Amino acid sequence: MTRHRPKVLPRAALLCGLLCGLLGGGCVTVHERASLPPPTRRPQRHVDPATVVVDAVRFDGDAAYAYFDGNSGASLTFDEVLVRARAAQVVLVGEQHDQAVHHELQRRVVAALAAPNVRLTVGFEMLSWGYQAALDRLARGQLDPDAFAAEIDWGKAWGFPFELYRPVFHAAVAGQASLAALNAPRELVRAVRTKGLASLSPDELGQLPDLDVGDAIHREWFKGIFSSGGHPATSGEVEAFYVAQVVWDESMADRTVRALEGGAEQVIVLAGVGHVARGRGIPQRVERRRPGVRVVSVVPLTGVDEDNAQDRLRQAILHGEGDILVVPRFEREIDL
């Protein structure tokens, strides 16, 4: 039995997740290929605060979560969440990496959407492309999740405890889903951050997907998250981190679309909330590659308690944090 108590504040949590990836991982030049049209981006969200009315946060019985429409604030049941998710080709489920309650939400979504008659792929931010062969063997039943984790040296590959992720892998394999490593190799991301795109070798440039680093709204959001964490950095250093973040986002979007092009009817993307929230990380980059694709984001909120729940939901709606917002049961301990 795992007991969980949220312990990290929202903006600090986002920064922690971003830095964990990017540090493991100044530039203004964009690596472009002729295969994609000019970037199309989601418009700036404008919501009249007076129009946002959030339903009361209630947990049915011993339910671990309460669900809300990310546009209207209306309360949803899990069945209603699944109806929306099944209508989408790409379902993004965010996480704060060290929160067991977020991974349990991911497990429930994967288990509910997996079905023998659905060609489902579950994609993982946690794993870079070099681990795909091992993931394929796991999906075929040639490895069990623990043997898989041992073979790839999970602690080195990702760093957060495998115990948090094991149930998600079990659910995906039991549902006969394909598994996809979505992320760029850390050494490539690190090269982008430390050398800049203009100084990459031809081999390194060839590994990069198409990049859009021109989204001013996304860049300002990233700068705000970065500065809120109290980490002193020059403007050039922040820009280098931002471009590295874009490489992660674009790589995951690229691999998601490749899975669709390879025959998947639906892709569930499991990634940190910093890559999912507000639609400007992975979601709009998937949409750029595959116009008309139906994308739904499921974003769990962090640092929510009885005193701030309504305000946190209201702010999440105003900022467009996700299509479906999830409030884990208030900071009491819950059994998962």
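Computed from a predicted structure; not experimentally measured. As a convention, each chain's residues are numbered from 1 in the sequence order in which they are written. Local features in a predicted model are, by the rule used here, given only for residues with pLDDT of at least 70; side-chain atom pairs are given and counted only at 80 or more, and totals for whole chains, interfaces and linings are based on all residues. With hydrogens and water stripped out, all remaining heavy atoms of the structure feed into the side-chain values.

(A) Inspection of the pairing of strand β5 (residues 120-128) at higher detail. We call a residue buried when its accessible area falls under 20% of the maximum for its residue type, exposed when it is over 50%, and partly exposed in between, using a 1.4 Å probe and counting protein chains only. Secondary structure is summarised from DSSP: a helix means a run of H or I of at least four residues, a strand means a run of E of at least two, and numbering begins at the N terminus for each. Of all the nine residues making up β5, nine are buried; the element is thus mostly covered by neighbouring parts of the structure. Examined bridge by bridge, β5 and strand β7 (residues 266-272) share five bridges and lie parallel to one another. Bridge pairing in β7 links Gly123 to Val269. Pairing between strands is defined by DSSP: at least two bridges between them are needed. Here β5 runs beside strand β6 (residues 178-183); their pairing, made up of five bridges, is parallel. Within the sheet, the bridge partner assigned to Gly123 lies in β6 and is Ala180.

(B) Main features of the packing of aromatic side chains. Two aromatic rings, drawn from Phe, Tyr or Trp (for Trp, its six-membered ring), form a pair once their centres lie within 6.5 Å of each other, and the interplanar angle then sorts them: stacked below 30 degrees, edge-to-face above 60, tilted otherwise. Scanning the entire structure with this criterion turns up ten aromatic pairs. An angle of 70° between the planes, with centres 5.0 Å apart, marks the rings of Trp154 and Phe162 as edge-to-face. Judged by its relative accessible area of 4%, Trp154 is buried. Where Trp154 meets Tyr165, the ring centres are 5.3 Å apart and the plane angle is 50°; that geometry is what we call tilted. Of the two residues, Trp154 is situated in helix α6 (residues 154-157) and Tyr165 in helix α7 (residues 162-174); the sequence distance between them amounts to eleven residues. Tyr165 matches Trp154 in its accessibility class, with the two residues each being buried. One Lys or Arg, Arg255, reaches over the ring of Trp129 and ends 4.2 Å from the middle of that ring. Cation placement over rings: the criterion is NZ of Lys or CZ of Arg within 6 Å of the ring centroid and within 35° of the ring normal.

(C) Summary view of the environment of Val257. Structurally, Val257 is set in helix α11 (residues 235-261). In this structure the C-alpha to C-alpha distance between Val257 and Arg290, which are 33 residues apart in sequence, comes to 7.0 Å. Pairs of residues are marked as contacts when any of their non-hydrogen atoms sit within 4.5 Å. Apart from residues no more than four positions distant in its own chain, Val257 is found in contact with Val286, Arg289 and Arg290.

(D) Region of interest: the sheet that holds strand β8 (residues 295-300). Read across the open sheet, the eight strands follow the order β3-β2-β9-β8-β4-β7-β5-β6; overall the sheet is mixed. Looking at the sheet topology across the chains shown, the edges are occupied by β3 (75-76) and β6. Pairing of strand β4 (residues 90-95) with β8, which is carried by four bridges, proceeds in the parallel orientation. Bridging from a neighbouring strand, Leu92 pairs with Ser297 of β8. Note on geometry: axes are C-alpha line fits, over the in-contact stretch for helices, and angles between N-to-C directions span 0 to 180 degrees. Set on the sheet, helix α4 (residues 132-139) makes contact with β5 and β6; between it and β6 the angle comes to about 160°. Against the sheet, α7 touches β4, β5, β6 and β7, its axis set at about 150° to β5.

(E) Spotlight on the environment of Gly123. Following the sequence through the fold, Gly123 ends up in strand β5. Remark: the alpha-carbon pair of Gly123 and Thr256, spanning 133 residues in sequence, is separated by 7.2 Å. Those residues in contact with Gly123 that lie beyond four places of it in its chain are Ala180, Leu182, Ile268, Val269 and Leu270.

(F) Representation of α4 in the model. For α4, every residue scored as buried is listed here: Ala134, Leu135 and Leu138. For α4, the arc enclosing every buried residue in end-on projection is 100°, short of the 170-degree limit, so these residues lie on one face. Its buried side turned inward, α4 meets β5, α5 (145-152), α7 and β6. Following α4 by one or two positions, Gly141 has its phi on the positive side, about 85°. Summarising the geometry, the arc corresponds to the directions from the helix axis toward the C-beta atoms.

(G) Expanded view of helix α13 (residues 282-289). Burial analysis of α13 places seven of its eight residues in the buried class, which makes it a mostly covered element. Those residues of α13 not exposed but buried are Ile282, Pro283, Gln284, Arg285, Val286, Arg288 and Arg289.

(H) Here's a closer look at the pattern of salt bridges. Here, a salt bridge means any side-chain nitrogen of Lys or Arg that lies within 4 Å of a carboxyl oxygen of Asp or Glu. One pass over the structure, following the stated rule, counts 16 salt bridges. Taking the shortest distance from any N to any O, the salt bridge between Glu250 and Arg288 comes out at 3.1 Å. Here the residue Glu250 occupies a position in helix α11, and Arg288 occupies one in helix α13, the gap between them amounting to 38 residues. On the basis of relative accessible area, Glu250 is assigned to the buried category, the value being 0%. Since its relative accessible area comes to 5%, Arg288 is described here as buried. Note that Arg289 and Glu250 form a salt bridge whose closest N and O atoms lie 2.6 Å from each other. With Arg289 in helix α13 and Glu250 in helix α11, this residue pair connects regions lying 39 residues apart in the sequence. Connected via shared salt-bridge partners are Glu250, Asp254, Arg258, Arg285, Arg288 and Arg289.

(I) Region of interest: the packing of α4 against α5. Their axes nearest at 10 Å, the elements α4 and α5 cross at an angle of 165°. In terms of orientation, α4 lies roughly antiparallel with respect to α5. Judged by the twist between their axes, the crossing of α4 over α5 is right-handed. Between α4 and α5, the residues in contact are Ala134, Leu135, Arg137 and Leu138 and Pro145, Phe148, Glu151 and Ile152, respectively. Of the residues contributing to the contact of α4 with α5, the split by class is six nonpolar, no polar and two charged. For classification, angles of less than 35 degrees are called roughly parallel, those exceeding 145 degrees roughly antiparallel, those between 65 and 115 degrees roughly perpendicular, and all remaining angles oblique. By convention the crossing between two helices is left-handed if the near helix lies anticlockwise of the far one by an angle smaller than a right angle, and right-handed if it lies clockwise. Gly counts as polar in this scheme, as do all residues outside two lists: the nonpolar Ala, Val, Leu, Ile, Met, Phe, Trp, Tyr, Cys and Pro, and the charged Asp, Glu, Lys and Arg.

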